[in-house]
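Residue-level structural notes
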Amino acid sequence: LEQYFRPTQCGFIWIRTHDLPQWTTTILPQSKCDASKGSGITLVTSDHYIDVPIMLPKATTNYLFNSTKISAWYSTNVVMKKEPKLFPIPLGLPIHYGFHGSPHSANTVQTMDSIYHDALEFRKRKRSVLLDVGTIGNDSRRGRGRKLVREKLSKCPNGTVNVMPP
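Residues numbered from 1 in each chain as written. Predicted model: local features only at pLDDT ≥ 70, side-chain atom pairs only at ≥ 80, totals over all residues. Heavy atoms only, no water.

Some remarks on the state of the cysteines
Applying the stated criterion across every chain, the model contains 1 disulfide. Disulfide pairing is shown between Cys10 and Cys33; the S-S distance is 2.0 Å. Since a negative S-S torsion denotes a left-handed disulfide, the Cys10-Cys33 link at about -105° is left-handed. One end of the pair, Cys10, is in the segment before strand E1 (11–16); the other, Cys33, is in the loop between helix H1 (20–26) and strand E2 (41–46), and 23 residues separate them in sequence. Since its relative accessible area comes to 27%, Cys10 is described here as partly exposed. The class of Cys33 is buried, set by a relative accessible area of 4%. (Disulfide = S-S within 2.5 Å. Helix = DSSP H or I, 4+ residues; strand = E, 2+ residues; numbered from the N terminus. Buried < 20%, exposed > 50% of the residue type's maximum accessible area, 1.4 Å probe, protein only.)

In C-alpha cells:
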C-alpha cells in the first residue's frame, strides 16, 4: 500500500475495506492531513462483504473515528450509524470503476455529490426500487431486513417496487 499514498495526499481516498487495518497502522499515521484545518481525508471504502464498522478490528475503527486526519468515512455495508463521521454508500454503485470517462473513485463520489445537489426535492421525485428476489427469500438477518424494507417501500406514495425475476 505504501507505494500508492503520499503523506501529503488529502481529499478523497478510496481503500478496499479489507485493507483498512494495514492502511490505518502504516499509512494514516504518516499523513500530514488535518480535518480541523480543512485538509482532511474523505475516506471511501468498498469492495468487501464485511459489515462496517462492527466486523473490522476495534483498534482500526477507534483510530479512524478519533483521528483528526479523517473528515468523513463513506462505506458500503454500513450496519451501525452511530458515528458522526461514518456514512453509508448503497450497494450497486460503481465505486471502484467510476462513472463514464473516469476510472477513479474520487470522480464517482464527486459525481454522486453533484447528482445529489441537482436532484429534485425528495417528495417531488418518482421513486423506483429494483429488488432481487434471491436476496429476500431466506431467513437470515439480512433477508428479514430486506423483506421488511420491501414491505415498507411498497406503501410509499409515488413509488414503485420492481422485483427482478429469479
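Thoughts on the confidence of the model for the chain
Looking at the chain, pLDDT values average 76 and 66% of them are 70 or higher. The secondary structure element of the chain with the lowest average pLDDT is strand E5 (residues 127–132), at 60, and the one with the highest is helix H2 (residues 58–66), at 95. For residues 94–99, every residue scores under 50 in pLDDT, and the model assigns this stretch 21 contacts once sequence neighbours within four places are set aside. (pLDDT = per-residue confidence, 0-100. Contact = heavy atoms within 4.5 Å.)

Quick word on the environment of Gln110
Structurally, Gln110 can be placed in helix H3 (residues 105–118). Since its relative accessible area comes to 47%, Gln110 is described here as partly exposed. When the C-alpha atoms of Gln110 and Phe12 are compared, they prove to be 9.2 Å apart, with 98 residues separating the residues in sequence.

Some thoughts on the pattern of salt bridges
As enumerated under the stated definition, the model contains 1 salt bridge in all. The salt bridge involving Arg16 is made with Asp47; its shortest N-O contact spans 2.7 Å. Of the two residues, Arg16 sits in strand E1 while Asp47 sits in the loop between E2 and H2, which places them 31 residues apart along the sequence. Given the relative accessible area of 33%, Arg16 is considered partly exposed. (Salt bridge = Lys/Arg side-chain N within 4 Å of Asp/Glu carboxyl O.)

Some thoughts on the sheet that holds E2
Strand order in the open sheet formed by 4 strands is E1-E2-E3-E4, with parallel pairing between adjacent strands. Because the sheet does not close on itself, it has two edges, and the strands there are E1 and strand E4 (86–88). Looking at each pair of strands side by side, their axes are set apart by 25° on average, direction ignored. Two strands pair when backbone bridges link them, and strand E3 (residues 70–75) and E4 are joined in this way by 3 bridges, in the parallel orientation. Pairing of Tyr74 across the sheet is with Phe87, part of E4. Those strands touched by H2 are E2, E3 and E4, and its axis lies near 130° from that of E3. (Pairing = 2+ DSSP bridges. Axes fitted to C-alpha atoms, helices over the stretch in contact; angles between N-to-C directions.)

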